[in-house]
Amino acid sequence: MNQLQKQYALKKAEWDTALENISKISEDTLDAIEDDLIDAEEALVEWSIQVAEKAGMTKEDADALRKNRVIYSDQLIDKAMRLNA
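Residues numbered from 1 in each chain as written. Predicted model: local features only at pLDDT ≥ 70, side-chain atom pairs only at ≥ 80, totals over all residues. Heavy atoms only, no water.

## As for the pattern of salt bridges
At step 1: Overall, the coordinates contain nine salt bridges when judged by the stated rule.
At step 2: Linking Arg66 and Asp63 is a salt bridge whose minimum nitrogen-to-oxygen distance equals 3.5 Å. Of this pair, Arg66 and Asp63 both sit in helix H3 (residues 59–67), separated by three residues, roughly a single helical turn.
At step 3: With relative accessibility at 23%, the residue Arg66 sits in the partly exposed group. (Salt bridge = Lys/Arg side-chain N within 4 Å of Asp/Glu carboxyl O. Helix = DSSP H or I, 4+ residues; strand = E, 2+ residues; numbered from the N terminus. Buried < 20%, exposed > 50% of the residue type's maximum accessible area, 1.4 Å probe, protein only.)

Following this line, the structure appears as structure tokens:
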């Protein structure tokens, strides 16, 4: 597991914990945790697309994924977490 994968896993766990304790957390804190998770997701997705490009994905397909990353984010994150670093 590389640093981006570890960072995402940490931020995801922090988010899940916050949701479990939502009544005890301020809205500002929850927003900050969510922002950190989104940043970690974006970094992980970009890294996975770069790995796919190095493995032979066309630039056009990579650009399409970047453009539509919100639509495919769950699948991209799932695949990125399975990649060997």
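## Describing the packing of helix H1 (residues 3–20) against helix H4 (residues 69–82)
At step 1: At a minimum axis distance of 10 Å, the contact between H1 and H4 shows a crossing angle of 125°. When the interaxial angle is binned, H1 and H4 end up oblique. Both H1 and H4 take part in a crossing whose hand is left-handed. Where H1 abuts H4, its residues Gln5, Tyr8 and Ala9 lie against Ile77, Ala80, Met81 and Arg82. (Axes fitted to C-alpha atoms, helices over the stretch in contact; angles between N-to-C directions. Parallel < 35°, antiparallel > 145°, perpendicular 65-115°, else oblique. Left-handed = near helix turned anticlockwise from the far one by under 90°. Contact = heavy atoms within 4.5 Å.)

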